[in-house]
Amino acid sequence: MRIVVCGAGKLGYSIAQMLADEQYDVVVVENDPKRRDTVQNNLDVLCIEADCCSPSTFENDDIRGADLLIAATDNDQVNMVTCMLAKKTGTVHTVARIRNVDYAVNASNLLNIDMKIDLILNPERITAVEIDRILMTPSALNVEDFADGRVRMFEAKIAPDSSMIGIPLKHLEIPRDILVAMVFRHHAMIIPNGDTVLEANDNVYFVGRRDVIEVFENSFVNVYEKIEKVLIIGAGRTGRFLAPLLEQKGLNVKIIEKDKERCQFMSSILERGTVLCGDGTDMDLLTEEGAGEADVVVCITEDDKLNLLLALLAKHVGAKKTIVRVARNEYIELMEKVGVDVVLSTRMLSAGEVLRFVRRGGLVSVSFLEGALAEAMEIIVGNHSEVDGRALKDIKFPPECLLCAIVRNGDAYIPNGQTVLQANDRVIFIVKKENASKAVAMFNSRR
């Protein structure tokens, strides 16, 4: 498959890197010589210096008629024109990064039908939805729903005083419909077995039927108090999506933003929330406005370093939980080490959407875990695929791959070695990133 990525900014570079790692034939189009050199020096891709929305660019045989074009420049209009030109010159599918809130919310038919853009990528909206899901599951560091909400995966950190520590998993008293699917310890991935023993500060991923998981998470030893008060620092695009979402869930939302125009806009779209025009790094302001009493402080300015500082200040004045949005993936590990509870990479979340679209076939969804060291996937078993009609004990999955749950005829359950996979089953599995492509191929139809 030949994939063209237009724009080698932060998002475009990340997508190109991810696709190159997946062994796709990637062509990057960038008109900035410095960005082009960065791509050429670091990625195994073809990089062409050109204006991606110029008709002459699509006369190039390496660009014209590609299987997929991803327009990821910083300009929405350029991305839309690029996708239109691509479709006119034979590109099969197009993806456009659209950051404008009005386009994303009110013009989906225009983009999808009239402009024939197959996937709209709005990183800020994707991030807001992910934060909303995490806040609705207070005990979780991360939460993912699969199979139309029938299966849930949630990540929790094992507290030093947890009763789960030191007990082999085979002797651990947890509901039968819940599986300990993966453990991350010192940033190393562990696929557990019955003899695996949990340790303090392990990040553990539990997978099971959603109704069972919801009961289990409410009794989990590391559960935070029920979320009621949320303080959001930053009213950019992510904040504009997030605040109304939280208000609709009945949460008490307060926003701090320095820019007066952004404050006025947020005030116009919120019904009950409070918007304060001020500097989130002001300790006195944070204290006066109750950051210490907030159940969660969400730091979503456009500056990664500032978000880290704000989270640490919020923790200092007593905030129970902090969530930070970052653009640079390399900051995730640092922020987690210094005490930020949840770190979300806008680029990583967006890349997951692109990867799901690129792989497609039976792949329904894909989520990156622990800084993209692992992937959680939902995929439909294809007719006559390598796994169709075979028991799990007889299937040789790639290393560090675990099939966690199956949904068949609307019912979700945890499989065992005797379970036989059938065509059209929805399966959820976790796999180390470098083995993901091999795992996906096993489920794809062969006829």
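Up top is the structure these notes are about.
The model shown is predicted, which means the values in this text are computed figures rather than measured ones.

Asks: I'd like to hear about the pattern of salt bridges, residue by residue, with values.
Replies: For the structure on display, the rule yields 35 salt bridges. Residues glutamate 214 and arginine 152 are paired through a salt bridge, measuring 4.0 Å at the closest nitrogen-oxygen approach. Pair noted here: glutamate 214 is in helix H7 (residues 210-218) and arginine 152 is in strand S8 (residues 151-157), with a separation of 62 residues, a long-range link. A relative accessible area of 29% means that glutamate 214 is categorised as partly exposed. Note that glutamate 330 is salt-bridged to arginine 328, the shortest N-O span being 2.7 Å. On the basis of relative accessibility, which here comes to 47%, the residue glutamate 330 falls in the partly exposed class. Each of Glu30, Arg35, Asp74 and Arg97 takes part in a single network of salt bridges with overlapping partners.

Asks: Would you mind going over helix H14 (residues 436-443) in detail, with residue names and values included?
Replies: Burial in H14 covers these residues: Ala436, Ala439, Val440, Met442 and Phe443. The buried residues of H14 occupy an angular sector of 155 degrees when projected down its axis, which confines them to one face. On its buried side, H14 packs onto helix H13 (346-359), strand S19 (374-380), strand S20 (401-408) and strand S22 (426-432).

Asks: Lay out the state of the cysteines with the relevant residues and their values.
Replies: Under the criterion given, the structure shown has zero disulfides. You can see cysteine 53 has no disulfide; the closest cysteine sulfur is in cysteine 52, sitting 5.3 Å from it. Judged by relative accessible area, cysteine 53 falls into the partly exposed class, the value being 23%. Considering cysteine sulfurs only, cysteine 6 is the nearest to cysteine 83, which forms no disulfide, with 7.8 Å between them.

Asks: Please set out the environment of methionine 189 residue by residue, giving values where relevant.
Replies: Residue position: methionine 189 is located in strand S10 (residues 188-190). Along the backbone, methionine 189 and leucine 310 are 121 residues apart, and their C-alpha atoms lie at a distance of 30 Å. Apart from residues no more than four positions distant in its own chain, methionine 189 is found in contact with Met182, Val183, Phe184, Ala374, Glu400, Ile430, Val431 and Lys432.

Asks: Account for the side chain of glutamate 30, with residues named and values stated.
Replies: Mapping glutamate 30 onto the fold places it in the loop between strand S2 (25-29) and helix H2 (33-42). In this structure glutamate 30 comes out as buried when scored by relative accessible area, which is 5%. Once you skip the residues sitting within four places of it in the chain, glutamate 30 turns out to touch Gly7, Ala8, Gly9, Arg35, Arg36, Ile48, Glu49 and Ala50.

Rules and cut-offs
Residues numbered from 1 in each chain as written. Predicted model: local features only at pLDDT ≥ 70, side-chain atom pairs only at ≥ 80, totals over all residues. Heavy atoms only, no water. Salt bridge = Lys/Arg side-chain N within 4 Å of Asp/Glu carboxyl O. Helix = DSSP H or I, 4+ residues; strand = E, 2+ residues; numbered from the N terminus. Buried < 20%, exposed > 50% of the residue type's maximum accessible area, 1.4 Å probe, protein only. Arc of directions from axis to C-beta. Contact = heavy atoms within 4.5 Å. Disulfide = S-S within 2.5 Å.

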